[in-house]
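Here's the letter readout for the chains.
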Amino acid sequence: MSNNPNVNVQKLHAVLRCVTKPSDEQKTKFIEFLAAKYSVRKEDVELEVVLEPKVHGGFILDVGSDEYDWSTRGRERQFENRIDAAREKAYRDDGSGDGSGSIMTMLKTAIDRFHIQAEKSEVGTVETAGDGIVTIDGLSHVQYGEIVLFDNGVKGMVQDINDDGIGAILFDQEGTIGEGSRVVGTGKRAGIPVGDGFLGRVIDALGSPIDGGSPIVSDEYRPIEEPAPGIIDRKPVTTPMETGILAIDSMFPIGRGQRELIIGDRQTGKTSIALDTILNQKGKNTICIYTAIGQKASTIATFVNTLKEHGALDYSIVVASTAADPAPLQYIAPYAATSLAEYFMLRGRDVLVVYDDLSKHAVAYRAISLLLGRSPGREAYPGDVFYLHSRLLERSSRLSDALGGGSITALPIIETQDGDVSAYIPTNVISITDGQIFLESDLFFEGQRPAVNVGLSVSRVGGAAQTKAMKKAAGSLRIDLAQYREMEVFTQFSSDLDEATQQQLAQGRVLMELLKQPLEHPLSMADQVITLVVAESRRMIDLPVKEVKEYQSEMLDYFHTSYPNIVSELTTSGRLEDSTAKEILKAADAFRSEKWDKKEAPKA
């Protein structure tokens, strides 16, 4: 009786594909092999011989879904797989990441021990193909996430396993796979090449360069799906990841290893916050990875050019899956970017990853799931859409010193519809992340940019991720702004206000104006602290609102030229001593009398 469920127990039918017809003696040996292998009588073996020139040399023996490949290409593939396996093992065993010595030794050993044989492999057949999705019959031993290889060289990834067959997504353009195409499992999980050579490059979701540059030499190969670090492997988030944006660093600080959501309607400045954060990492030994999911190619090109203009592309990597790419590539893009980030994190580096945006990522996954026939749930998303993002964002962490102390800081972006933060995907991601920066359309149209809503934004790490200087300087900023917003609503129809209320409104207007910040102009921590110390002391309260930003700019220039010791002390120590605060106020008064008032005098 046969031990293969796909083979007829009465008659065993096998197909021998070869270039030249075998002799009777050779046919007899094939029949004896099949009878012994599948526990049937020799009389019950039917061997069909098919002459096929494309086999080139050797033979291919098909028995149900099993295939024994002794063709020229099959032997080459065996050798390539053995070398790839040896290379991956050498990289894993070599702790330095260089691995040059161990790689050569492993490759030599693999070649010396290599012995070609007609190994059994499982072969499936494509039943349906379309929209980047294929269903396969016959592959009963593949696993979820495994790479499958089609007969024309196209690769796919297993995404659905059920009694009726296998569902897989394609990593190539549609129309290249048809019904009846043959497919084999590779036993490998989907992965991406990684290495220092990717810095300064624009790549697709599979790690191939798309910027017109030279081929990228990778250091190793990492699976795109990896388990998140455990609790013991992490340490608390205490080091600031400064964005250079006063409204964020002062009130909603982000720490290295944190996951801070940027959420808001379309065209409210979400990507601009991520861009300014990347620009602000210049010279801070931080690697930045920007992941564009479903964006227009022209938008990505503009983003890359901005990075080039500011010298930020040297420490950045752009992983792009454009709107023209099939849904499977948009689906794997953020996972591929995170694998790249993990390569650097495990070497003790700090990495910032921007996912722009996860709303489009969820839509791509919804399309894949519906095409695979999964049951739709709320808003037609599949039931595991929460796990889609939780397993991605949980990989962002700050590793313990024993593991090198590297970190991945995540800035996922979510687009809302008409400010609805209670929709399905926004609430999911809010519950996963360590806080959110909510950008409000009304504030944006009023000219408050970045349009950060102080009431709905929060950082769950809080002051733990701030320098002591920033924490002290920010003081009661959030409370002052909240009181101002509330007071403004109640007094907008009143004309008779007492002096204390007028002072509070004037101070609030100054603070709101200071929080406005032009694009691509991040502020250093020292500049932010100086601005806050002077503003909180109400030394700008008498300025016309339209002159506040000019006053701030000239004052900071004055500090850098006339009082560089104050700037240097804040930068190096990260502390704001009472004596330093007094020096800042004294210097601000000097600027007011020496520079600003004299400049304003002719106007009077």
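Above this text you will find the structure in question.
Everything numeric here is computed off the predicted structure, so don't read it as measured data.

Criteria and thresholds
Residues numbered from 1 in each chain as written. Predicted model: local features only at pLDDT ≥ 70, side-chain atom pairs only at ≥ 80, totals over all residues. Heavy atoms only, no water. Helix = DSSP H or I, 4+ residues; strand = E, 2+ residues; numbered from the N terminus. Buried < 20%, exposed > 50% of the residue type's maximum accessible area, 1.4 Å probe, protein only. Contact = heavy atoms within 4.5 Å. Areas by Shrake-Rupley, 256 points an atom, 1.4 Å probe, with all protein chains shown as cover. Salt bridge = Lys/Arg side-chain N within 4 Å of Asp/Glu carboxyl O. Pairing = 2+ DSSP bridges. Arc of directions from axis to C-beta. Polar contact = N/O pair within 3.5 Å; in protein donor to acceptor, adjacent residues only side chain to side chain. Axes fitted to C-alpha atoms, helices over the stretch in contact; angles between N-to-C directions.

Caption draft 1: Representation of the overall build of the protein chain within the structure. Looking only at helices and strands, the protein chain has 18 helices and 20 strands in total. Residue burial in the protein chain is summarised as follows: out of 604 residues, 51% are buried. Long-range contacts, defined as pairs at least 24 residues apart, comprise 74% of the intrachain contacts of the protein chain with a sequence gap of at least 6. Summed over its atoms, the accessible surface of the protein chain is roughly 27900 Å², and 51% of this surface lies on carbon and sulfur atoms.

Caption draft 2: Molecular detail of the pattern of salt bridges. Scanning the entire structure with this criterion turns up 24 salt bridges. The partner of Arg41 in a salt bridge is Asp44, with the nearest N and O atoms 3.1 Å apart. Between Arg592 and Asp542 there is a salt bridge; the shortest N-O distance is 2.8 Å. With a gap of 50 residues between them, Arg592 in helix α18 (residues 578-600) and Asp542 in the loop between α15 (525-536) and α16 (548-562) connect regions that are remote in the sequence. Judged by its relative accessible area of 17%, Arg592 is buried.

Caption draft 3: Spatial organisation of the pairing of strand β4 (residues 66-69). What you see with β4 is no split at all: Asp66 and Tyr68 on one side and Glu67 and Asp69 on the other are buried throughout. As paired elements, strand β3 (residues 59-63) and β4 share four bridges and run antiparallel to each other. By the bridge assignment, Leu61 is partnered in β4 with Tyr68. Between the antiparallel neighbours β3 and β4 lie two residues, among them Gly64 with a positive phi of about 60 degrees.

Caption draft 4: Broad picture of helix α17 (residues 564-573). All of the buried residues in α17 are Ile566, Val567 and Leu570. Down the axis of α17, the buried side of the element spans an arc of 100 degrees, and every buried residue falls inside it. Gly574 lies just past α17 and shows a positive phi near 70 degrees.

Caption draft 5: The side chain of Ser459, seen in detail. By secondary structure assignment, the location of Ser459 is in strand β20 (residues 458-459). The exposure class assigned to Ser459 is buried, which follows from its relative accessible area of 11%. At 2.7 Å, the side chain of Ser459 forms a polar contact with the backbone oxygen of Pro253. Every residue in contact with Ser459, bar those within four places of it in the chain, is listed here: Phe252, Pro253, Gln258, Glu260, Asp434 and Gly435.

Caption draft 6: Expanded view of the sheet that holds strand β15 (residues 286-295). Judged by pairing direction, the sheet is mixed, and its eight strands sit side by side in the order β12-β16-β15-β17-β18-β14-β19-β20 without closing on themselves. Because the sheet does not close on itself, it has two edges, and the strands there are β12 (202-203) and β20. Sheet analysis places strand β19 (residues 435-439) next to β20, joined by two bridges and oriented antiparallel. Of the residues in β20, the one forming a bridge with Gln436 is Val458. Contacting β12, β15 and β16 (316-322), helix α6 (residues 297-309) crosses the sheet at an angle of about 175 degrees to β16. Running over the sheet, helix α8 (residues 358-371) touches β15, β17 (350-356) and β18 (407-415) and is turned about 75 degrees from β18.

Caption draft 7: Fine view of the environment of Gly156. Counting through the fold element by element, Gly156 comes out in strand β8 (residues 155-162). Relative accessible area serves as the criterion here: at 0%, Gly156 is assigned to the buried category. In the structure, Gly156 is positioned 27 residues away from Val183 in sequence and 9.6 Å away in space, judged by C-alpha atoms. Non-local contacts of Gly156, meaning those with residues more than four positions away in its chain, are made with Glu146, Ile147, Val148, Phe150, Ile169, Leu170 and Phe171.

Nothing here speaks to function; it is geometry throughout.
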